[in-house]
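# Topology and contacts: notes
As a plain string of letters, each chain reads:
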Amino acid sequence: MGSFVSISQEKLFNHLEKLHSKYESISDQLSKPEVIKNQIKLKELSKQLAGLRPIEEHYLKMKKFNSQRMETETLLSTSDEADMKDLAREEIEQLNENIQQIEQEIIQLLVIDSTDENRNVFLEIRAGAGGNEASLFASDLLRMYFRIAEQYAWKSEIISMTYSAIGGIKEIILHIVGNGVNQKLQFESGVHRVQRVPVTEASGRIHTSTVTVAVMPEVDDVEIEINSKDIRIDTFSASGPGGQHVNRTQSAIRITHNPTGIVVTCQDEKSQHKNKDKALKVLKARLFEFEKEKQASNIANSRKSQVGSGERSEKIRTYNFPQNRVTDHRITGKNFNLETILNGLTDDLFKTLYDGYSKKMIEEKLNQIIA
């Protein structure tokens with residue numbers, strides 16, 4: 001990792017001292033009987049401790065390197081032997097490199113929220129501008145995300161899906177579970193634009209259509225609590241593929257969150273109970289994003305700024321079929337092979353996006369954290 005930001009070691013160390021005190025305080029609380037008996041509090045504190053642990057480990061390493069450097073500098077100033085002085089200078093140089101490296105690692109840990117990065121996600125795909133062609137491209141993106149999940153050994157499950165008149169997808173929500181899911185998929189949120197000749201186009205003209213994607217991190221029950229008085233739950237008959245039962249049983253669920261107006265439907269399961277559980281999980285994810293947006297309207301991964309209205313002018317990525325090229329508009333000077341991306345081979349794309357995101361976040365937030 002390269003050096004993104006320069007900051008005085010004194011400011012950094014003072015901030016780490018505060019986090020170290022917090023780490024020790026939480027550790028002490030976790031040993032108290034009243035906390036051990038309270039499962040919700042225990043889970044919450046354990047999660048906080050796990051989030052602080054990487055910083056604590058780096059802090060202890062930094063203290064060790066600083067202590068070694070002080071001892072070696074004392075040796076350099078007091079020794080009369082030339083060979084010993086040369087060895088001391090070499091060791092100080094190496095320790096300085098170690099300290100600089102660990103400083104940058106600490107800075108990244110302070111800025112990048114590893115808790116969010118390790119979350120599972122709900123991924124929503126919606127056909128935007130372009131009618132039937134947009135719904136067909138939504139199907140292409142669904143296949144792409146299934147292949148991405150296969151590449152990373154993630155588990156993907158359909159929560160709900162509605163079809164267009166010609167068999168494309170109007171809207172689908174996936175639940176994707178695995179290691180580093182949100183770290184990689186968080187950059188998929190936004191408008192995806194396709195340029196190609198639709199199968200329904202007789203004259204061979206290239207059309208432009210859009211599909212919107214929203215990535216919503218899954219949250220724990222302790223993070224978002226839903227008051228039963230705030231929601232309305234309706235049942236209705238499911239529709240679409242799935243057998244005769246879909247037209248006869250009231251298995252589909254629609255949950256309306258009255259304070260925010262957020263509506264979630266789920267009809268993928270035959271069991272009404274299972275559909276309700278899935279719909280509640282999606283609702284919690286949407287409420288989590290809603291709260292993040294309310295707290296900071298300029299956060300890039302709030303759902304509103306991710307998706308926009310679906311108009312052609314709002315785009316994060318263009319899939320150009322005639323030129324076999326994918327252009328991500330957040331990356332300058334680099335394009336990607338269309339076939340490779342649609343086949344789910346996205347390592348290079350995801351790494352480029354994450355590196356740019358990390359650098360930007362560090363540059364923007366470091367001075368707020370170390371104030």
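Structure first, text after, so check above.
Conventions used here
Residue numbers here run from 1 along each chain, matching the order of that chain's written sequence. Per-residue local features are limited, in this predicted model, to residues with pLDDT of at least 70; the limit for side-chain atom pairs, both in listing and counting, is 80 or more; totals at the level of whole chains, interfaces and linings are taken over all residues. To get the side-chain values, all heavy atoms of the structure are used, and hydrogens and water are removed first. Counting from the N terminus, the helices are DSSP H or I runs at least four residues long and the strands are E runs at least two residues long. To sort residues, take the accessible area from a 1.4 Å probe on protein chains only and compare it with the maximum for the residue type: under 20% means buried, over 50% means exposed, and anything in between is partly exposed. Two residues qualify as a contact provided that any one of their heavy atoms is within 4.5 Å of a heavy atom in the partner residue. The protein chains shown are the only cover counted for residues, whose accessible areas, like all others here, come from Shrake-Rupley with a 1.4 Å probe. Axis lines are fitted to C-alpha atoms, over the contacting stretch for helices. Their N-to-C directions set the angle, which ranges from 0 to 180 degrees. An angle counts as roughly parallel when it lies under 35 degrees, as roughly antiparallel when it exceeds 145, as roughly perpendicular when it falls between 65 and 115, and as oblique in every other case. The sense of a crossing depends on the near helix, which, turned anticlockwise from the far helix by less than a right angle, makes the crossing left-handed and, turned clockwise, makes it right-handed. Think of it as three bins: nonpolar holds Ala, Val, Leu, Ile, Met, Phe, Trp, Tyr, Cys and Pro, charged holds Asp, Glu, Lys and Arg, and polar takes everything else, Gly as well. Note on pairing: two strands pair once DSSP finds at least 2 bridges between them.

### Some details on the overall build of the protein chain
Across its full length, the protein chain holds eleven helices and eleven strands. Burial analysis of the protein chain (371 residues in total) assigns 42% to the buried set. Partitioning the intrachain contacts of the protein chain with sequence separation of at least 6 by distance along the chain shows that 63% fall at a separation of at least 24. Approximately 19,900 Å² of the protein chain is accessible, and the part contributed by carbon and sulfur atoms is 47%.

### Describing the packing of helix α1 (residues 9-30) against helix α3 (residues 39-78)
Two elements in contact, α1 and α3, have axes separated by 8 Å at closest approach and are oriented at 135°. On the basis of their axis angle, the class for α1 and α3 is oblique. Note that α1 runs across α3; the crossing there is left-handed. Of the residues that constitute the contact of α1 with α3, the class distribution is 14 nonpolar, seven polar and six charged.

### Focus on the sheet that holds strand β7 (residues 252-257)
Taking strand neighbours across the sheet as the criterion, the three strands line up as β6-β7-β8 in an open arrangement whose pairing is antiparallel. Strands at the two margins of the open sheet, each flanked by one partner only, are β6 (231-236) and β8 (262-266). Pairs of neighbouring strands in the sheet enclose a mean axial angle of 15°, with direction left out of account. Examined bridge by bridge, β6 and β7 share six bridges and lie antiparallel to one another. In the sheet register, Ile 231 faces β7, and the bridge partner there is His 257.

### With respect to the sheet that holds strand β11 (residues 336-337)
Pairing in this open sheet of eight strands is mixed, and the strands run β2-β3-β1-β5-β4-β9-β10-β11 from one edge to the other. Every interior strand has two partners, whereas the edge strands, β2 (155-163) and β11, have only one. In this structure, β2 lies alongside strand β3 (residues 169-177), joined through eight bridges in antiparallel fashion. Note that in β3 the partner of Tyr 163 across the bridge is Ile 169.

Don't take any of this as a statement about function, it's just geometry.
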